[in-house]
Amino acid sequence: MLTQGFMFGIGASLVYIPAVSMPAQWFTKRRALAVGVAASGTGIGGLWLTPATDHMISGLGTAWALRITGIIVFAVNSVASLFLRNRLVVQRREKIVDFSILRDSRFLLIFAGGVCGTTAYFTPLFLLPSFAIEVSGKSNDFGTNLITIVNAASTIGRIATGQAAASFGNMNTLSACTLLASLSVLALWLPSQASGTLVACAIVYGMFSGGLISLIPVVTAELWGIQRIATIIGLLYVAYFTGAMVGAPSSGALVDNVGGGADFKPAIIFSGVFMMIAFLLFTILRVSV
């Protein structure tokens, strides 16, 4: 609880948030693509680290698997952090967190969309492998491979959505990504247990769910300018925190208490509906702007 939950959570946020926020300061025309490339690193990391950790746990035990991954994280991020450069310098007189933004209806829409989107976001990542093993009767390797597929698709998707945003607009692309991520859950995962459908769900969900993560900093810069992005983005990540705290535990509780530990449909509907609500909120934002 204290190490993996509390300490790792703080450390990961201190690494991740600057890494995906800083590119927005350095680019204008290609801002969405730059942030997408930065955010695609999470997909690349998950692509190899998930199976690697699985093999380390099997071959070396949990303790050494954690030690090795900890050493890798420390070494790689120590080197990478040397290359991070802020373009904007926050003046001492400026507010670290700008609470006046709470009076802006546009911010409330994107904040609510972020809460709903992240409430839905983690359910497929946590439950899709369990569903494949426990409900569809697939092997443990198949369940692990589904997460690998999600990460691979997410890597491609975050770069592709960044490129698409340059042509179709940041908010249009954000709305489209949440809509397609929702449909991948409700139209592919919910009605079927077939291997091919589960793989298709992993591909489509991975491709488009990453847009929720990579495009929100870009939309923030578009709406309020890069001068305010440092103070606003912190508040937006409170939305991510809230959604993550609500979504994954609620999905697990739905499987255990409503589905009797074997019926995943309530959790799948929960995830798909919340992602659809995020789509509606982002669409309202787009229309209002």
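For the structure, see preceding data.
Counting restarts for each chain, with residues numbered from 1 along the sequence as it is written. Given that this is a predicted model, residues contribute local features only at a pLDDT of at least 70 and side-chain atom pairs are listed and counted only at 80 or more, while totals for whole chains, interfaces and linings are drawn from all residues. Side-chain metrics in this entry use all non-hydrogen atoms of the structure; hydrogen atoms and water are not considered.

### Points about the overall build of the protein chain
So, step 1. Of regular secondary structure, the protein chain possesses 10 helices and zero strands.
So, step 2. Only DSSP runs of H or I with at least four residues qualify as helices, and only runs of E with at least two residues qualify as strands; both kinds are numbered from the N terminus onward. The order of α-helices and β-strands along the protein chain, N terminus first, is α-α-α-α-α-α-α-α-α-α.
So, step 3. The globule rule used for comparison is 2.2 Å times the number of residues to the exponent 0.38, while the radius of gyration itself is calculated over C-alpha atoms. Against the compact-globule benchmark of 19 Å for 289 residues, the protein chain has a radius of gyration of 19 Å, which places it among compact chains.
So, step 4. Along the first, second and third principal axes, the C-alpha set of the protein chain runs to 55 × 45 × 35 Å.
So, step 5. Split into buried and exposed, the 289 residues of the protein chain put 41% on the buried side.
So, step 6. In the protein chain, of all internal contacts separated by at least 6 residues, the share reaching a separation of at least 24 is 80%.
So, step 7. Put simply, the protein chain shows about 14400 Å² of open surface, and 69% of that area lies on carbon and sulfur atoms. Burial classes follow relative accessibility: with a 1.4 Å probe on protein chains only, a residue under 20% of its type's maximum area counts as buried, one over 50% as exposed, and anything between as partly exposed. Any two residues having at least one pair of non-hydrogen atoms within 4.5 Å are treated as being in contact. With residues, only the protein chains shown are counted as cover, and all accessible areas are computed by Shrake-Rupley using a 1.4 Å probe.

### Overview of the pattern of salt bridges
So, step 1. Only one rule defines a salt bridge in this text: a Lys or Arg side-chain nitrogen within 4 Å of an Asp or Glu carboxyl oxygen. All told, the structure shown has one salt bridge when counted by the stated rule.
So, step 2. The partner of Asp-104 in a salt bridge is Arg-106, and the shortest N-O contact between them spans 2.8 Å.
So, step 3. In this structure Arg-106 comes out as partly exposed when scored by relative accessible area, which is 26%.

### Some remarks on the nonpolar core
So, step 1. We define the nonpolar core as a collection of buried residues of types Ala, Val, Leu, Ile, Met, Phe, Trp, Tyr and Cys that are connected through side-chain atoms lying within 4.5 Å of one another. Ranked by size, the top nonpolar core spans 57 residues in total, and within it Phe-107, Ile-110, Trp-189, Leu-198 and Ile-216 carry the most contacts.
So, step 2. Of all the elements in the fold, those that place two or more residues in this core are α3 (31–60), α5 (105–134), α6 (140–168), α7 (170–189), α8 (195–224), α9 (226–258) and α10 (265–288).
So, step 3. Ranked by residue count, the leading element in this core is α8, at 13 residues.
So, step 4. Filtering out sequence-adjacent residues up to four positions away, Phe-107 remains in contact with Ile-101, Leu-102, Trp-224, Ile-232, Leu-235 and Leu-236.

### Section: a nonpolar patch on the surface
So, step 1. Taken together, Met-1, Leu-2, Phe-6, Met-7, Ile-10 and Leu-14 make up a surface patch of nonpolar side chains, about 790 Å² in accessible area.
So, step 2. Relative to the helices and strands, Phe-6 resides in helix α1 (residues 2–21).
So, step 3. Residue Phe-6 is classed as exposed on the basis of its relative accessible area, which comes to 53%. Exposure above 30% relative accessible area and the absence of a salt bridge qualify a residue for a patch, where like charges join within 9 Å and nonpolar side chains (Val, Leu, Ile, Met, Phe, Trp, Tyr) within 5 Å.

### Observations regarding the side chain of Thr-118
So, step 1. Within the secondary structure, Thr-118 sits in helix α5.
So, step 2. Any N or O atom pair separated by 3.5 Å or less is treated as a polar contact, with the protein-specific requirement of one donor-capable and one acceptor-capable atom, and with residues adjacent in sequence counted only for side-chain atom pairs. One polar contact links the side chain of Thr-118 to the main-chain carbonyl oxygen of Val-115, over a distance of 3.3 Å.
So, step 3. Here Ala-239 takes part through its backbone oxygen, which lies 3.4 Å from a polar atom of the side chain of Thr-118.

### A few points about the environment of Thr-231
So, step 1. Checked against the element boundaries, Thr-231 lands in helix α9.
So, step 2. The spatial distance from the C-alpha of Thr-231 to the C-alpha of Phe-99 is 8.9 Å, given a sequence separation of 132 residues.

### Details of the packing of α3 against α6
So, step 1. Close contact between α3 and α6 brings their axes to 7 Å; oriented N to C, the two are set at 170°. One way to sum up the angle between α3 and α6 is to call them roughly antiparallel.
So, step 2. Here the residues of the contact of α3 with α6 are counted per class, giving 11 nonpolar, 12 polar and two charged. To obtain an axis, a line is fitted to C-alpha atoms, over the contacting stretch when the element is a helix, and the angle between two such axes runs from 0 to 180 degrees between their N-to-C directions. Roughly parallel here means an angle under 35 degrees, roughly antiparallel means over 145, roughly perpendicular means 65 to 115, and every remaining angle is called oblique. Residue polarity follows a fixed list, in which Ala, Val, Leu, Ile, Met, Phe, Trp, Tyr, Cys and Pro are nonpolar, Asp, Glu, Lys and Arg are charged, and the others, Gly among them, are polar.

### What about the packing of aromatic side chains?
So, step 1. In this analysis, rings of Phe, Tyr and Trp, with Trp reduced to its six-membered ring, are considered paired at centre separations within 6.5 Å, and the interplanar angle assigns stacked below 30 degrees, edge-to-face beyond 60, and tilted for intermediate values. Applying the stated criterion across every chain yields a total of nine aromatic pairs.
So, step 2. When the centroid spacing of 5.8 Å and the interplanar angle of 85° are considered together, the rings of Phe-131 and Trp-189 count as edge-to-face. Taken together, the residues span a long stretch of sequence, with Phe-131 in helix α5 and Trp-189 in helix α7 at a distance of 58 residues. Neither Phe-131 nor Trp-189 differs from the other in exposure class; each is buried.
So, step 3. Geometrically, the ring pair formed by Tyr-237 and Tyr-240 is edge-to-face, given 4.7 Å between the ring centres and 75° between the ring planes. Of the two residues, Tyr-237 and Tyr-240 are both situated in helix α9; the distance of three residues between them amounts to about one turn of the helix. Neither residue differs from the other here; Tyr-237 and Tyr-240 are each classed as buried.
So, step 4. What links up through ring pairs into an aromatic cluster is the set Tyr-121, Phe-122, Phe-126 and Tyr-205.
So, step 5. By definition here, charges over rings are those cases where NZ of Lys or CZ of Arg is within 6 Å of the ring centre and within 35 degrees of the ring normal. The aromatic ring of Trp-64 is capped on one face by Arg-67, whose charged end is 4.8 Å from the ring centroid.

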